[in-house]
Structures are given as structure tokens and as C-alpha cells.
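Tertiary structure, described
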Amino acid sequence: QVHLVESGGGLVEPGGSLRLSCAASGNIIGIYLMGWHRQAPGKQREMVAGITTAGNTNYADSVKGRFTISRDNAKNTVYLEMNSLKPEDTAVYFCVIVATEDNSYTRDFWGQGTQVTVSS
């Protein structure tokens, strides 16, 4: 099976920073996209940031200039550095990868989610 292990969530004051990490393991042939989505209470899940193995990135307008996504292809790990955090960033953040698993097909895999709470 493919496993995604997330870490780095927690409680932070407005204006503070957090770095989320997500490490993928399992019989992975190739990872094509890595990224983060989030879901705030009462809202739909939304894309936050994504990155290809080549390093191309995309960000939601609401986080541009504040969040930075990066990856370590050798470690199958994706990071999300979150700076200048705002209360509206409060959400459960989910790691997602699009990958091919051995003896399977290309599809998305999701982590369990990690809570980020921005509050004073």
C-alpha cells in the first residue's frame, strides 16, 4: 500500500509560521504530482499548492506570496512552508500525491490530514 505520513500541524499565532511535511512510502513506481489541499469548517475542500517532480508549482490565490511548496524527490517528501499565517488559514490540511503504484494504475492518494489552527 501507499502511505502518506503528515507532520507539522498545530496551533500558531497570527503572523506565525509552520512547516508541514508529508512523506510517501510504499511500492511507488512514479510520483507525478504532490501537493496540499485544505478544508476549513463549513467549507469545501480546496487546493492550496501543488508541485510536479520537475519543480513546477501552483498556488491558490489566497496563499500566494505566503506559502511555499517544495519537494525532495529522492525522499518522496513534499513540504509546505506557511508564513504570515492568518486565522482564515485554519483548516485540516491534507497531503495528496498522484502516483503509480506497482501492479496498479495512476491515481491520487491522500493523507489523513493534519490540523492547523491560527489563533491568538
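Everything in this summary refers to the structure shown in the same document. Values in this document were obtained by computation on a predicted structure and should not be read as measured data.

Moving on to the packing of aromatic side chains. In this description, an aromatic ring pair is defined by two values, namely the gap between the centres and the angle between the planes. Taken as a whole, this structure holds zero aromatic pairs when the rule is applied. Positioned above the aromatic ring of Phe-94, the side-chain terminus of Arg-45 is 3.8 Å from the ring centre. Directly above the aromatic system of Trp-110 lies the positively charged group of Arg-45, at a separation of 5.1 Å from the ring centroid.

This part covers unusual backbone geometry. With a phi close to 50°, Ser-84 is a non-glycine residue in the positive phi region. If you trace the backbone, Ser-84 turns up in the loop between β8 (77-82) and β9 (91-101). Looking at Ser-84, the relative accessible area reads 42%, which means it is partly exposed. Non-glycine residue Asn-103 carries a positive phi angle of around 65°. Its location among the elements puts Asn-103 in the loop between β9 and β10 (106-110).

Moving on to the side chain of Glu-6. Here Glu-6 lies in strand β1 (residues 3-7). Within the buried core, Glu-6 has no salt-bridge partner, and the shortest N-O distance to an opposite charge, that of Arg-45, equals 8.6 Å. Reaching out from Glu-6, the side chain makes a polar contact with the backbone nitrogen of Gln-112 at a distance of 3.3 Å. For Glu-6, the side chain forms a polar contact with the main-chain nitrogen of Gly-113, separated by 2.6 Å. Beyond its immediate stretch of four places on either side in the chain, Glu-6 contacts Ser-21, Cys-22, Trp-36, Tyr-93, Phe-94, Cys-95, Gly-111, Gln-112, Gly-113 and Thr-114.

Attention shifts here to the sheet that holds strand β3 (residues 18-25). As summarised here, the arrangement of the four strands in space is β1-β3-β8-β7, forming an open sheet in which the pairing is antiparallel. A strand with exactly one partner marks an edge of an open sheet, and here the two such strands are β1 and β7 (67-72). Within this sheet the neighbouring strands show an average axis-to-axis angle of 15°, counted without direction. In terms of strand pairing, β7 meets β8 through six bridges, oriented antiparallel. Paired with Arg-71 across the bridge in β8 is Val-78.

Cut-off values and rules
Here the residue index of a chain counts from 1 through its sequence in written order. Whole-chain, interface and lining totals are the exception, using all residues; otherwise, since this is a predicted model, local features are given only for residues with pLDDT of at least 70 and side-chain atom pairs are given and counted only at 80 or more. Values shown for side chains rest on all heavy atoms present in the structure; no hydrogens or waters enter the calculation. For Phe, Tyr and Trp, where Trp contributes only its six-membered ring, two rings pair if their centres lie within 6.5 Å, and the inter-plane angle classes them as stacked under 30 degrees, edge-to-face over 60, or tilted in between. Only lysine NZ and arginine CZ atoms are considered, and such an atom sits over a ring when it is within 6 Å of the ring centre and within 35 degrees of the ring normal. The helix count covers DSSP runs of H or I at least four residues long, the strand count covers runs of E at least two residues long, and both are numbered beginning at the N terminus. For each residue, the accessible area found with a 1.4 Å probe, counting protein chains only, is set against the maximum for its type, and the residue is called buried under 20%, exposed over 50%, and partly exposed in between. Under this rule, positive means Lys or Arg and negative means Asp or Glu; His and the chain ends count for nothing. Here a salt bridge means any side-chain nitrogen of Lys or Arg lying within 4 Å of a carboxyl oxygen belonging to Asp or Glu. Side-chain atoms alone can form a polar contact between residues adjacent in sequence; in general such a contact is a pair of N or O atoms within 3.5 Å, and within protein one must be able to donate a hydrogen while the other accepts it. Two residues qualify as a contact provided that any one of their heavy atoms is within 4.5 Å of a heavy atom in the partner residue. Any two strands with at least two DSSP bridges between them are considered paired. Interaxial angle, 0 to 180 degrees, is taken between N-to-C directions of lines fitted to C-alpha atoms, where a helix line uses only the stretch in contact.

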